Amino acid sequence: MPATMSPLELRRRIRSGEWTTPTSGAATGFLQANLVMLPESHAFHFLLFCTRNAKPCPVLDVLEAGATAPAIAHDADLRDDLPRYRIFEKGQLKEEVTSVQDYFQPNMVSFLLGCSFSFENAMLAAGLPIRNMEENKNVSMYITNRQCRPAGPFEAPLVVTMRPMTPEQAVRAVQVTTRFHLTHGAPIHIGDPGDLGIEDLNRPDFGDPVTIRSGEIPVFWACGVTSTLAAISAKLDLTITHAPGHMFVSDLKDEHLAIL
């Protein structure tokens, strides 16, 4: 399927079941988002967690309890417009589904949080490699040894994405991504994965391993999957999230939200 399709067309294909794969490279140039749905009774503390940890959890939109149509996308329904969702009960993964119509409850609040897929277009325009796209894989994601600031019952370690590139390309990647503050901004670490507590780059906690070529180093960005780990840490009766790499694609242009 072409990466140049509009967000509306992509969401329609997702809703119909035609698109069930990760959204990296899809609807190029448009902002993608992580999703968390949880009870209104815990929405304030989750929002506080995101505010305290804005690097991995930048807030793009928060809906009223029971609402499913976000302001950042026309004719969208968060219950159907992501390729895959994860259903958690008491913090434990129950199943992955392609629709949450049968799970979403009227008391649930939906959060849309920035995703690093949103600066991929700018990276490609700068001639930077995105290895997972080259190899048709999901991006590599790792749980680190860095702890986020807790809020109420929510706590989590920082999760990062990794993209390999040469040192020269890494410098350029910092320049390109710094201005995308709502989609994680600049890398949080470059080089030795051991500094983040990552023992083996070939064994990501989420996503797929990618090839690291001779002369390349790993470059790490904060990742919105941090919000999933935070949401399930409270062990609520029901929590709904996106499946890693399977994002909500909005109508917002990534360049329009960048710091110029």
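Residues numbered from 1 in each chain as written. Predicted model: local features only at pLDDT ≥ 70, side-chain atom pairs only at ≥ 80, totals over all residues. Heavy atoms only, no water.

## Focus on helix α5 (residues 167-177)
Residues A170, A173, V176 and T177 constitute the buried set of α5. Each buried residue of α5 sits inside an arc of 120 degrees when the element is viewed along its axis, so together they form one side. (Buried < 20%, exposed > 50% of the residue type's maximum accessible area, 1.4 Å probe, protein only. Helix = DSSP H or I, 4+ residues; strand = E, 2+ residues; numbered from the N terminus. Arc of directions from axis to C-beta.)

## Focus on unusual backbone geometry
A positive phi angle is found at D75, which is not glycine, with a value near 55 degrees. You can see D75 is positioned in the loop between β2 (59-62) and β3 (85-89). If you check the backbone angles, K90 has positive phi at about 55 degrees while not being a glycine. If you trace the backbone, K90 turns up in the loop between β3 and β4 (92-97). You can call K90 partly exposed: its relative accessible area is 49%.

## Section: the side chain of N132
Along the polypeptide, N132 turns up in helix α4 (residues 131-134). Looking at N132, its side chain comes within polar contact range of the side chain of S24, at 3.3 Å. Once you skip the residues sitting within four places of it in the chain, N132 turns out to touch S24, E120, K137, N138, V139 and V210. (Polar contact = N/O pair within 3.5 Å; in protein donor to acceptor, adjacent residues only side chain to side chain. Contact = heavy atoms within 4.5 Å.)

## Thoughts on the environment of P150
For P150, the position within the fold is in the loop between β6 (140-147) and β7 (157-165). Using a relative accessible area of 44% as the deciding quantity, one classes P150 as partly exposed. Linking P150 and A230, residues 80 residues apart in sequence, is a C-alpha distance of 8.5 Å. Leaving out residues up to four positions away in the same chain, P150 has contacts with F49, R52 and E155.

## Observations concerning helix α1 (residues 7-16)
Taken residue by residue, α1 has P7, L10, R11, R13 and I14 as its buried positions. For α1, the buried positions fall inside an angular range of 160 degrees around the axis, keeping them on one side. Where α1 is buried, its residues touch β1 (30-39) and β11 (248-253). Phi for G17, located one or two positions after α1, is positive at around 90 degrees.

## Some remarks on the side chain of T228
With respect to the helices and strands, T228 occurs in helix α6 (residues 225-233). Of the residues examined, T228 reaches a relative accessible area of 7% and is grouped as buried.

## Notes on the state of the cysteines
Here the structure, examined in full by the defined rule, presents zero disulfides. C57 takes part in no disulfide bond, and the closest cysteine sulfur, belonging to C50, lies 4.7 Å away. Take C57: its relative accessible area is 1%, and that puts it in the buried class. Of all cysteine sulfurs in the structure, the one in C115 sits closest to C223, which takes part in no disulfide; the separation is 7.1 Å. Here C223 falls in the buried class, since its relative accessible area comes to 5%. (Disulfide = S-S within 2.5 Å.)

## Details of the pattern of salt bridges
Evaluation of the coordinates by the stated rule reveals twelve salt bridges. For R13, the salt bridge is made with E9, and the minimal N-O distance between the two is 2.7 Å. Of the two residues, R13 and E9 both sit in helix α1, four residues apart, roughly one turn of that helix. Judged by relative accessible area, R13 falls into the buried class, the value being 19%. For E9, a relative accessible area of 29% translates into the label partly exposed. (Salt bridge = Lys/Arg side-chain N within 4 Å of Asp/Glu carboxyl O.)

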